Amino acid sequence: MRVVGIEGTAWCASAAVFDTERDRVRIESDAYEPESGGIHPREAAEHMREAIPAVIEATLANAEGPIDAVAFARGPGIGPCLRIVGSAARALAQGLDVPLVGVNHMVAHLEIGRHRSGFDSPVCLNASGANAHVLGYHNGRYRVLGETMDTGVGNALDKFTRHVGWSHPGGPKVEEHAKRGDYVEFPYVVKGMDFSFSGIMSAAKDAYDDGTPVEDVCCGLQETVFGMLTEVAERALSLTGRDELVLGGGVGQNARLREMLASMCEQRDADFYAPEPRFLRDNAGMIAVLGAKMYRAGDTLAIAESAVNPDYRPDEVPVTWRGDAEDVLLGGSDGTDLRGAEAIVEGEGATVTKTRRPKGYRHDALDARLRRERTTQEARLLSEARRVGVPTPVVYDVDVPESTLTLERVGDADLRDALTEARVAAVAEHLAAIHGAGFVHGDPTTRNARVSRSGAESDGTAAGGRTAESDRVHLIDFGLGYYTDDVEDYAMDLRVFEGSIRGTASDPEPFVAAIEAAYRAVGDPDVVARLREIEERGRYQ
Ligand SMILES: C[C@@H](O)[C@H](NC(=O)OP(=O)(O)OC[C@H]1O[C@@H](n2cnc3c(N)ncnc32)[C@H](O)[C@@H]1O)C(=O)O
Ligand SMILES: [Fe+2]
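Computed from a predicted structure; not experimentally measured.

Criteria and thresholds
- Every chain is numbered on its own, with residues counted from 1 as its sequence reads.
- Ligands are numbered from 1 and chains lettered from A, in the order in which they are written.
- Confidence filtering applies because this is a predicted model: local features only for residues at pLDDT of at least 70, side-chain atom pairs given and counted only at 80 or more, and all residues used for totals across whole chains, interfaces and linings.
- Helix and strand labels come from DSSP, where a helix needs a run of H or I of at least four residues and a strand needs a run of E of at least two; each type is numbered from the N terminus.
- By definition, residue pairs are in contact when their C-beta atoms, positioned from the backbone, come within 7 Å.
- For two strands to be treated as a pair, DSSP must find no fewer than two bridges joining them.
- A molecule or strand has a residue near it when that residue's C-beta atom, placed from backbone coordinates, lies within 6 Å of it.
- Any residue outside Ala, Val, Leu, Ile, Met, Phe, Trp, Tyr, Cys, Pro, Asp, Glu, Lys and Arg is labelled polar, Gly included; the first ten of those are nonpolar and the last four are charged.
- Axis definition: a line fitted to C-alpha atoms, over the contacting stretch in the case of helices. Angles run 0 to 180 degrees between N-to-C directions.
- When an angle is under 35 degrees it counts as roughly parallel; over 145 it counts as roughly antiparallel; between 65 and 115 it counts as roughly perpendicular; any other value is oblique.
- Either an automatic procedure or a domain database provided the assignment from which the domain bounds are taken.

What follows is about the overall build of the protein. Broken down by element type, the protein carries 15 helices and 21 strands. When the backbone C-alpha atoms are referred to their principal axes, the protein occupies close to 75 × 55 × 40 Å. Considering only contacts in the protein between residues 6 or more positions apart, those separated by 24 or more positions represent 77%.

Where strand S15 (residues 395-399) and strand S16 (residues 404-408) come together, four bridges link them in antiparallel fashion. Across the sheet, the residue bridging to Val398 is Leu405, located in S16. The antiparallel hairpin formed by S15 and S16 contains four residues in its connecting segment, where Ser403 sits at a positive phi of about 50°.

Next up on the list: the site of ligand 1. The local shell around ligand 1 holds 28 residues, among which Ser128, Gly129, Gly154, Gly171 and Gly250 are the closest. When residues of the shell around ligand 1 are traced back to their parent elements, those giving at least two are helix H3 (105-117), helix H4 (153-164) and helix H5 (171-178). Class assignment for the residues of the shell around ligand 1 results in eight nonpolar, 16 polar and four charged.

Here we take up the packing of helix H13 (residues 487-502) against helix H15 (residues 525-536). With their axes 8 Å apart at the nearest point, H13 and H15 run at an angle of 75° to one another. In terms of orientation, H13 and H15 fall into the roughly perpendicular class. Where H13 approaches H15, its residues Val487, Glu488, Tyr490, Ala491, Leu494 and Arg495 are matched on the opposing element by Asp526, Val527, Arg530, Leu531 and Ile534. Partitioning the contact of H13 with H15 into residue classes produces seven nonpolar, no polar and four charged.

It is common to give the size of an interface as the accessible area that goes away when the parts come together. The assigned domain composition of the protein is domain 1 (2-112 + 280-322), domain 2 (114-277), domain 3 (344-408) and domain 4 (413-536). A separation of 48 Å is found between the C-alpha centroids of domain 1 and domain 3.

Below you can see the structure in the form of structure tokens.
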């Protein structure tokens, strides 16, 4: 079978033919290079208009046989570019009289790594221009396990390089300069499995304006931004219990990012795969490869229903080409693995020790800082939370130089493995209580709540308006917590918690409803309202 792919979501006009029998992909690309500044939508569309017919023609000349289907990138991307590609694809499919397949560009960035690696159900990190997220296949969809709260990772780097006056794209220039730089410190922002680049980028611009050598800024930027992506990828591996990671997207061409991910995977005995650069940056090869899988699954589009979608999210795509056996949550963890993403928890009996071991992938100075800050903060906030009535382990000892805490053992299972509506509601009540005290947990996932399944069953409401269940669900792991009076931060806590349930439960909605009802009952309803706002703010323009 031969499938033609067409890509043109932003800067790369590209066509490719995928020959499934020979597993061979031939790609023809023509890049748009802005004369100044970043990508101008009108100029980019002009480029597509000129370049797409030529790359299609070259691809057909390469095909060595009849074409069975035409696949095109339907979104996300720049509207005017997508429309040109869509028209070209429709015309080609009609001209050849073959079916049309509409591919999600983000999913294509991930599937190409899965295809080339042969991994069954990896966790996927996409590090591209306009996006940054970690996904896993679950129950017929790609679930977003973590993502950027503001810009894509490539765009963040490109914005800094524009400030410095370098031409687009900036990512490769950051990589070159970083090789000659020394590490400088920038804000490090990971909230649960989500992360943000905007604070880092303004700090980088300020540092440059204040005379910090640009090489040092580039080095600090890479260490910080890629350290965050690697940490979140590790969290996703830990949350799902998987041991395979694939990388996708244009920023994946960066050798330092690949080195960090490979080192993280090696440290936890996971397999890592990054496709070669021609499949990482935007290219039609990945569109053709996923297009072939979709075509084989009967997932084709009627011309009348083939409109493009500039905001097409990867988790909207019905995944027709994968089986249930590939689910990211099947067969991974047996629930007894205490090797969390961040720390090792050891010990039998009534106490445990929790140690934040050095992470080989991180710059030494950043690693030392994060371990010190998180250990200190965790000890402080565990005690603060107890003070406002939230069950947490007692802190028996804090050893900051060794990044070790000695803690009371609590509960007999992770909430993840014992989900009930009453228990998730209890966590929501706990979050409302700590928010009322002016701080956030920072990482309230279903693995950071411990439940006691033994003892008397809940009998409804206890004294003080709280449910009896709330006394038996402990919050642990406050290492990412911090003091704040910003409603947005409180809403992010709820979002992380709901995200961890959406990422793992087959039918998450009743749990989400229970969380919001419980929070509203004892906490500030404005926080739930803000959560809605956050969810409605589109991030994929
Ligand atoms: C929606 C779609 O159009 C978009 N695609 C896209 O942005 O092109 P992509 O090829 O996936 O990524 C390009 C980004 O990748 C960065 N980049 C390229 N080489 C790099 C390197 N060596 N180090 C760091 N960044 C690099 C560029 O600076 C640019 O920001 C996307 O996937 O988000
Ligand atoms: Fe891309």
